[in-house]
Amino acid sequence: MSQYTALHGVLAVLLCAAMSTTAAAADVKASKEQIARGKYLLIVGSCNDCHTAGFAPSNGKVPESEWLLGDGKVGFRGPWGTTYAPNVRLSLSRMKEDDWVRYARNLQTRPPMPWFNLNRWTEADLRAFYRYVRQMGPVGAPIRPGLPPDEAPAPPYIEWPAPPAGKK
Ligand code: HEC
């Protein structure tokens, strides 16, 4: 089993665990400070670059109402197959706040999601991010699933090279 298949397995298990709980939007109350902090983290964490369609190529000129709804058009292709940046609003709407904290701390995905950075956020930051995202508005629809390495994606996609030898 390749490393990427193994990572994906971990992600699937975590996703299932997270989805077994439901949270109503009304449960989530965010302070002004948390909303400001969550939005700041989203911006400086560059989440929109991948998780918001058209964000990077327009130099960030996408309205906030469309942030984090995922991008099922531009694939990231590499030795792991092809991944698409999912709809994070939808994912968070399916988890309770405590589940999100655990999920984000342990998350491992295929590239190029910088999960190893997200794992290191403080609990307070993860909670502020969650509360900000939960009050963003409509959660939208799921985006398309990724593809295995032997399946060619339809353009457009970004091709990533294999990691240098010894860095897998
Ligand atoms: C360079 C592109 C990129 C950036 C930047 C990025 N992501 Fe991702 N993210 C992805 C891709 C692609 C996946 C899907 C990986 C897979 O399918 O294995 C993903 C998956 C995820 C997942 C797991 C799937 C889900 O919906 O629960 C979460 C959570 C997530 N990203 C949150 C974030 C957050 C929060 C940030 C900003 C701090 C961020 N991402 C920044 C590309 C990115």
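In what follows, the structure referred to is the one given above.
Residues numbered from 1 in each chain as written. Predicted model: local features only at pLDDT ≥ 70, side-chain atom pairs only at ≥ 80, totals over all residues. Heavy atoms only, no water.

A. Focus on the packing of aromatic side chains. This model, assessed by the stated rule, comprises seven aromatic pairs. Residues phenylalanine 76 and tryptophan 160 carry aromatic rings whose centres are separated by 6.4 Å and whose planes lie at 75° to one another, so their mutual orientation is edge-to-face. Residue phenylalanine 76 is found in strand β1 (residues 71–78), and its partner tryptophan 160 is found in the segment after β3 (157–159); the two are separated by 84 residues along the sequence. Owing to a relative accessible area of 9%, phenylalanine 76 belongs among the buried residues under this scheme. Between tryptophan 80 and tryptophan 160 the ring centres are 6.4 Å apart and the planes differ by 65°, which places this aromatic pair in the edge-to-face class. Of the two residues, tryptophan 80 is situated in the loop between β1 and β2 (81–85) and tryptophan 160 in the segment after β3; the sequence distance between them amounts to 80 residues. Given the relative accessible area of 5%, tryptophan 80 is considered buried. Its relative accessible area of 37% is what places tryptophan 160 among the partly exposed residues. Here the guanidinium or amino end of arginine 77 rests over the ring plane of tyrosine 157, the centre of that ring lying 5.8 Å away. (Phe/Tyr/Trp six-rings, centres within 6.5 Å; stacked < 30°, edge-to-face > 60°. Helix = DSSP H or I, 4+ residues; strand = E, 2+ residues; numbered from the N terminus. Buried < 20%, exposed > 50% of the residue type's maximum accessible area, 1.4 Å probe, protein only. Lys NZ or Arg CZ within 6 Å of the ring centre and 35° of its normal.)

B. How the structure looks around the coordination of the iron atom of the ligand. Looking at the iron atom of the ligand, the protein donor atoms are His51 (NE2) and Met113 (SD), and they sit 2.0 to 2.1 Å from it. The site at the iron atom of the ligand holds six donor atoms, and with the angles between them running 87 to 179°, its shape is octahedral. Taken as a pair, histidine 51 in helix α3 (residues 47–51) and methionine 113 in the loop between α5 (97–106) and α6 (115–118) lie far apart in primary sequence, 62 residues in all. Residue histidine 51 is classed as buried on the basis of its relative accessible area, which comes to 11%. Methionine 113 sits in the partly exposed class, given a relative accessible area of 22%. (Donors = N, O, S within 2.8 Å, 3.2 Å for Na, K, Ca; no water. Tetrahedral: all angles 85-135°; square planar, octahedral: opposite > 155°, others 65-115°.)

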